[in-house]
Amino acid sequence: MDASPRLTWWQQAWRLTAAAAIGLLAWLSSGVLMSKGPGDGPGTWFLVGDPLVALGCLTALLWRRRFPLAVALIVAIASGWSAFAGGTVLVAFASIATRRRPVEIAAVVLAYVAASQVAVGFYPVQETSGLLWFQLLVPALIAGIAVAVGMAVGARRVEVRSLRDRAESAEREQTARAAQARALERNRIAHEMHDVLAHRISLVAMQAGVLDHRSDLRAEESRLLVRGIAEGSHQALEELRDVLGILRADQHRTEPPEAQASLERVPDLVADARASGLDVTLTDTVTGTPPDVVGRTCYRVVQEGLTNAAKHAPGAQVHITLGGESGRTLDVRVHSSSAAAPAVRPPSSGFGLLGLTERVDLAGGQLDHHRTPDGGYLLTAQLPWPNPGHERRT
C-alpha cells in the first residue's frame, strides 16, 4: 500500500524549484571548472543541450508518483549528459526511496553510478587520476544520501498513516460501542418499564374491563372497582416516577425500584393481585433467604405470571408455588387456569417473556412457559441457590 499523500500545487512547486536551484548550482560549478580545466571550456551542448535535458527531467518529475521506477531510471540515466539535472536526480532518488523497495532502489542507483562515468568523459573538469574507485564512490555517496533521506521520509509517512488508521479505527469502534450502549440502555429502560408498570396497568385494565362488561354489579362492587382503578393508576404513576428517577441517576432516591423486588415482597404482590380481582393462591415452602439476585428474579417471574393471567385469562384461578432451599434451587411455578371471561387485552410491550428470559439466564437459571391441556398456562423457573458456606470453603 502506498502511504504517500497527494501533493498540493504548492508542495509540487517548491520541490521542483529546489531541484532546479540545486541543478543550477551544479551546472554553474561545472561550467567554472570546465573553463579552468584541460579542455576548451563549455561548449554548445553545455550551454543549450544540458539545460534542455534538465528541463525534460524536471517535467518528468511531475509523474514520479504515478510511474516512480520509470521516471527515476530516466532521470538517473539522463543525468550523465546534463549537469543541470543533478538536483532533479536527487529528488527522483528521494521519491523512489520513500517506497522502500530495495530492488527498485538498487536498480536506480546502479543506473546513476553508470551514467556518472559517462559524465566524467563528457564534461572533463580535471585530469583523470585513474582512480576508478573514487569515480564510483562519489556518485554512490550522493545517491546514498538522497536514498537515506527518502527512506526516512517514507518511514515517517507509513507511521503517520498507521497512526491515522488506528485513530480512525478507534473512532469507529468508539462509535460502535456508543451505539451498542444506547441500544442496551434502550432495552434496559424498556425492560424496567415493563417490569414495574405492566403488572400494575394490567390489573387496572382488568378492573376497567369488568366495569365495562358487567351490568349486574352492585353499587358497592362498582365503587370498589373504581377505587381499585384509582389506586392502581396512582401506584403506576408513583412507580413510573421511581423508574424515571433511577434512570436519571437521582441521587436523592434512597430505594431504587429493584430494591422493591425480592422474595419477601411476593406476598404483597399476591395481595395486590387479589385486591384487583384475581383469584390467586400462594404456596410458599421456601426455607431460608436466597441471594438478592435470586430473590429479585423470583419476584419478577411471579409478577410476569400474574400480569399475563390478568391480560389473557380474566377470571382464571392462579396458583403460585414457591419452593427450595440453600444449596439446591429456588423453584417457581405459576399456573393459571383457562379464562372464565373474554379477555380485554391492553397494548402489549413485547418485552415480557423476552426480558424475563434474559433475567433468568443472567441468574444462571432456566425458564419454561407453555399451555396446559386444560387450556391454562404454566410458567416455571428454576434458579440456582448456592450454599454460602460451601462457597466460602471453596
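Residues numbered from 1 in each chain as written. Predicted model: local features only at pLDDT ≥ 70, side-chain atom pairs only at ≥ 80, totals over all residues. Heavy atoms only, no water.

## Here's the deal with the pattern of salt bridges
Side-chain pairs of opposite charge can arise where the charged atoms are in close proximity. The criterion, for reference: Here, a salt bridge means any side-chain nitrogen of Lys or Arg that lies within 4 Å of a carboxyl oxygen of Asp or Glu. Secondary structure elements are taken from DSSP: a helix is a run of H or I of four residues or more, a strand is a run of E of two residues or more, and numbering for both begins at the N terminus. The rule is simple: take the accessible area with a 1.4 Å probe, protein chains only, and divide by the maximum for that residue type; under 20% is buried, over 50% is exposed, in between is partly exposed.
Taken as a whole, this structure holds seven salt bridges when the rule is applied. Among the ionic pairs, Arg156 bridges to Glu159, the shortest N-O distance being 3.7 Å. Separated by three residues within a single helix, Arg156 and Glu159 lie in helix H6 (residues 132-213), roughly one turn from each other. Taking the relative accessible area as the measure of exposure, Arg156 reaches 49% and is therefore partly exposed. Residue class for Glu159 comes out partly exposed when judged on its relative accessible area of 41%. Residues Arg328 and Glu325 are paired through a salt bridge, measuring 3.3 Å at the closest nitrogen-oxygen approach. Using a relative accessible area of 30% as the deciding quantity, one classes Glu325 as partly exposed. The structure contains a network of salt bridges with shared partners spanning Arg99, Arg101 and Glu104.

## Structural notes on the environment of Gly324
Formally: Contacts are assigned to residue pairs with any non-hydrogen atoms lying within 4.5 Å of each other.
Along the chain, Gly324 turns up in strand E2 (residues 317-325). Between the C-alpha atom of Gly324 and that of Asp284, which follows or precedes it by 40 residues, the distance is 9.2 Å. Leaving out residues up to four positions away in the same chain, Gly324 has contacts with Thr285, Val286, Thr287, Thr329, Leu330 and Trp385.

## Considerations on the side chain of Thr297
Selection criterion: Counting of polar contacts relies on pairs of N or O atoms within 3.5 Å, with two restrictions inside protein: one atom must be capable of donating a hydrogen and the other of accepting it, and residues adjacent in sequence are counted only when both atoms are side-chain atoms.
Here Thr297 lies in helix H9 (residues 292-312). A polar contact of 2.8 Å, which involves the side chain of Thr297, links it to the backbone oxygen of Val293. In contact with Thr297, not counting residues within four places along its chain, are Arg359, Val360, Ala363 and Leu383.

## Considering the pairing of strand E1 (residues 279-287)
Stated precisely, the cut-off is as follows: In short, DSSP must find at least two bridges between two strands for them to pair. For crossovers, right-handed means that the path from the first strand over the helix to the second runs clockwise, given strands pointing away from the viewer.
In this structure, E1 lies alongside E2, joined through nine bridges in parallel fashion. Within E2, the position partnered with Thr285 by the bridge is Gly323. As a crossover connection, the stretch from E1 through H9 into E2 is left-handed.

## What to know about the packing of aromatic side chains
Applicable threshold: Stacked, edge-to-face and tilted are the three classes for Phe, Tyr and Trp ring pairs, Trp counted by its six-membered ring, which pair at centre distances within 6.5 Å; planes under 30 degrees apart are stacked, over 60 edge-to-face, the rest tilted.
Under the criterion given, the structure shown has two aromatic pairs. Between Trp27 and Phe84, the aromatic rings sit 5.6 Å apart at their centres with planes inclined by 25°, giving stacked as the arrangement. Residue Trp27 is found in helix H1 (residues 9-36), and its partner Phe84 is found in the loop between helix H3 (68-78) and helix H4 (86-97); the two are separated by 57 residues along the sequence. According to the relative accessible area criterion, Trp27 is buried, its value standing at 15%. Given a relative accessible area of 17%, Phe84 falls into the buried group. Centre to centre, the rings of Phe93 and Tyr112 are 5.2 Å apart; their planes meet at 85°, and the pair counts as edge-to-face. Highlighted residues: Phe93 in helix H4 and Tyr112 in helix H5 (residues 102-122), separated in sequence by 19 residues. Here Phe93 falls in the buried class, since its relative accessible area comes to 1%.

## Here we look at the confidence of the model for the chain
Convention followed: A score from 0 to 100, pLDDT tells how confident the predictor is in each residue.
Summary statistics for the chain give a mean pLDDT of 78 and a share of 78% for residues scoring 70 or more. This model gives residues 250-257 a pLDDT under 50, and the stretch forms twelve contacts once residues within four places in sequence are excluded.

## Quick notes on the packing of H1 against helix H2 (residues 44-60)
As a reminder, the rule being used: Only C-alpha atoms enter the line fits that serve as axes; for helices the fit covers just the stretch in contact. Angles between N-to-C directions range over 0 to 180 degrees. Any angle from 65 to 115 degrees is called roughly perpendicular, while one under 35 is roughly parallel, one over 145 is roughly antiparallel, and all others are oblique. Note: crossing handedness is left-handed where the near helix turns anticlockwise from the far helix by less than a right angle, and right-handed where it turns clockwise.
Their axes nearest at 11 Å, the elements H1 and H2 cross at an angle of 160°. Taken as axis vectors, H1 and H2 run roughly antiparallel relative to one another. The handedness of the crossing between H1 and H2 comes out as right-handed. Across the interface between the two elements, Leu16, Ala19, Ala20, Trp27, Ser30, Gly31 and Met34 of H1 pack against Phe46, Leu47, Asp50, Pro51 and Leu58 of H2.

## Comments concerning unusual backbone geometry
For Arg100, which is not glycine, the phi dihedral falls at a positive 55°. Within the secondary structure, Arg100 sits in the loop between H4 and H5.

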